[in-house]
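Remarks on the overall topology
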Amino acid sequence: MLFRPLLITICLLLGAGTLNAQETKSPTLEKIRSYGAVYVGHRETSIPFSYLDADGKVIGYSMDLCGHIIEAIKTRLALPRLEIVPVPTTPDSRQMMLEAGPIDLSCDSATNTIQRQRYVGFSVTTFAAGIKALVRKDSRIRSFGDLKGKVVVTTSGTTSDSYVKAAAARQGLLLNYRFGRDHDDSLRQLLNGQADVMVLDDVLLHGLLMSVPQADAFKLLVLAENFAVEPYGIMFRRNDPQFKKLVDDTLIGLMKSGEFAHVYDKWFVAPIPPTGKSLNLPMSDLLRQLTLTPNDRGV
């Protein structure tokens, strides 16, 4: 009489164990295993996070960090020859490409926001950016209060637009808004007079200034005032706790070992391609603290 209940109990336990094993599988790792490749989303002009060098190779700070993540994936899957497929993205397309599956990682300059967390996952913070304004020196715009009635350009798909509008609403300023297809297009609009102000993350603005002719860079000025501070992270598909743990464990390991600081200095302090110039942006106190107490909080 005891045999049948015991058998049922054993079957239930075995079934539960099988279910738990299935539940803990990482959809992203299983996709990578089945394809024998990891698809890496990147930008082409997001200096120094991900961009193309003179030979058309994708390089950058976020790409280096993703390189360490990919090595961890190779080890986890025991696939040392895993193919790495770079896939160009834009601020408008990268989220959709993660959700739909064409890319497995987005390795660029992505702000971690509560809104975006509804659709994609984020790593622990890898950079903290200030949102600033770039103006022409001859415009005499030197503070946010000088923007009344001015034309502001932001790049389509970025978070800068919402920060500018929120700041304008707080100060009761009426502004006119334009969008650029990408950062280069936004900068062209500023230089040719279609816009009076370009708003973007400070490091991206400095990267753009490095890439334009010196005569154009001399005409421009980055204002000191911050509209906001944004945390950046590596993006991937949400609802995949195993994959998130692999990503976060890799990045936190780099932070603890000191390798993270070396990667940072390589891209923000040392001279970088293609110009051989330096951004001269030592690690901020905020990011230094985040390497000691990592988190994935969005804004």
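Conventions we followed
- Residues numbered from 1 in each chain as written.
- Predicted model: local features only at pLDDT ≥ 70, side-chain atom pairs only at ≥ 80, totals over all residues.
- Heavy atoms only, no water.
- Helix = DSSP H or I, 4+ residues; strand = E, 2+ residues; numbered from the N terminus.
- Buried < 20%, exposed > 50% of the residue type's maximum accessible area, 1.4 Å probe, protein only.
- Contact = heavy atoms within 4.5 Å.
- Areas by Shrake-Rupley, 256 points an atom, 1.4 Å probe, with all protein chains shown as cover.
- Lys, Arg positive; Asp, Glu negative; His and termini not counted.
- Charge placed at Lys NZ, Arg CZ, Asp CG, Glu CD.
- Phe/Tyr/Trp six-rings, centres within 6.5 Å; stacked < 30°, edge-to-face > 60°.
- Pairing = 2+ DSSP bridges.
- pLDDT = per-residue confidence, 0-100.
- Axes fitted to C-alpha atoms, helices over the stretch in contact; angles between N-to-C directions.
- Parallel < 35°, antiparallel > 145°, perpendicular 65-115°, else oblique.
- Nonpolar A, V, L, I, M, F, W, Y, C, P; charged D, E, K, R; others polar.
- Expected span 1.5 Å × (residues − 1).
- Arc of directions from axis to C-beta.
- Disulfide = S-S within 2.5 Å.

**Looking at the overall build of the protein chain**
Across its full length, the protein chain holds 11 helices and 13 strands. Each principal axis of the C-alpha atoms in the protein chain carries an extent, and together these give about 90 × 45 × 35 Å. Buried positions account for 48% of the 299 residues belonging to the protein chain. Partitioning the contacts of the protein chain with sequence separation of at least 6, the portion at a separation of at least 24 is 75%. In the form shown here, the protein chain has an accessible surface area of approximately 14800 Å², with 57% of it arising from carbon and sulfur atoms. Positive and negative charge centroids in the protein chain, built from 34 and 31 side chains respectively, lie 3 Å apart.

**A few points about the packing of aromatic side chains**
The geometry of an aromatic ring pair comes down to the distance between the two centres and the angle between the two planes. Going through the model one piece at a time under the given rule, you end up with 15 aromatic pairs. Each ring, one from F49 and one from F127, has its centre 5.2 Å from the other, and the planes form 75°; the classification is edge-to-face. Remark: F127 occurs in strand β8 (residues 127-136) and F49 occurs in the loop between β2 (45-46) and β3 (50-52); sequence separation between them is 78 residues. This pair shows no difference in class: F49 is buried, exactly as F127 is. Ring geometry for F127 and F268: centres 5.0 Å apart, planes at 10°, overall stacked.

**Observations concerning the sheet that holds strand β4 (residues 58-59)**
In spatial order, the strands read β2-β3-β4; together these three strands make up an open sheet with antiparallel pairing. Only two strands of the sheet have a single neighbouring strand rather than two, namely β2 and β4. Note: β2 against β3, two bridges, orientation antiparallel. When the sheet's bridge partners are listed, T45 is paired in β3 with Y51.

**What to know about the confidence of the model for the protein chain**
Low-confidence regions, as indicated by low pLDDT, have predicted coordinates that should not be scrutinised in detail. With 92% of its residues at a pLDDT of 70 or more, the protein chain has an overall mean of 91. Predicted confidence is poor over residues 1-23, with pLDDT under 50, and the contacts of this stretch with residues over four places away or in other chains come to zero contacts.

**Details of the pairing of strand β1 (residues 37-42)**
With five of six residues buried, β1 lies mostly within the body of the structure. As paired elements, β1 and strand β5 (residues 83-88) share six bridges and run parallel to each other. Considered in β5, the bridge of H42 is made with P88. Examined bridge by bridge, β1 and strand β6 (residues 105-111) share two bridges and lie parallel to one another. Its bridge partner being in β6, V40 is matched across the sheet by L105.

**A look at the environment of Q189**
Tracing the backbone shows Q189 in helix α6 (residues 183-191). As a C-alpha pair, Q189 and M97 span 92 residues in sequence and 28 Å in three-dimensional space. If near-sequence neighbours (up to four positions away) are discounted, Q189 is found in contact with V153, R178, F179, G180, Q194 and A195.

**Remarks on the packing of helix α2 (residues 27-35) against helix α3 (residues 61-77)**
Two numbers describe a pair of packed helices, the interaxial angle and the distance between the axes. Put simply, α2 and α3 touch, their axes get as near as 11 Å, and they point 75° apart. By the criterion of interaxial angle, the relationship of α2 to α3 is roughly perpendicular. Residues L29, I32 and R33 of α2 pack against I73, R76 and L77 of α3. Its residues assigned to classes, the contact of α2 with α3 comprises four nonpolar, no polar and two charged.

**Looking at the environment of I234**
Mapped onto the elements, I234 comes out in strand β13 (residues 228-237). In contact with I234, other than residues within four places in its own chain, are S62, C66, I69, L105, S106, C107, G121, F122, S123, T126 and L251.

**Quick look at helix α5 (residues 160-171)**
In a regular helix each residue adds 1.5 Å, so 12 residues correspond to 16 Å; α5 covers 17 Å between its end C-alpha atoms and thus fits that length. Along α5, the residues classified as buried are S160, D161, Y163, V164, A167 and A168. End-on view of α5: buried residues confined to an arc of 165°, all on one side of the axis. Summarising the geometry of α5, the exposed residues directed more than 90 degrees from the buried face are A169 and R170. Looking at the buried side of α5, the elements it contacts are β8, β9 (151-155), β10 (176-180), β11 (197-201) and β13. Taken from the residues just after α5, G172 is the one with a positive phi, measuring 65°.

**Some points on the state of the cysteines**
Going through the model one piece at a time under the given rule, you end up with one disulfide. Note that C66 is cross-linked by a disulfide to C107, the S-S spacing being 1.9 Å. Torsion about the S-S bond of the C66 and C107 cystine: about -100°, corresponding to left-handed handedness. Taken together, the positions of C66 in helix α3 and C107 in strand β6 put the pair 41 residues apart, joining distant regions of the chain. For the pair C66 and C107, a shared accessibility class is recorded, and that class is buried.

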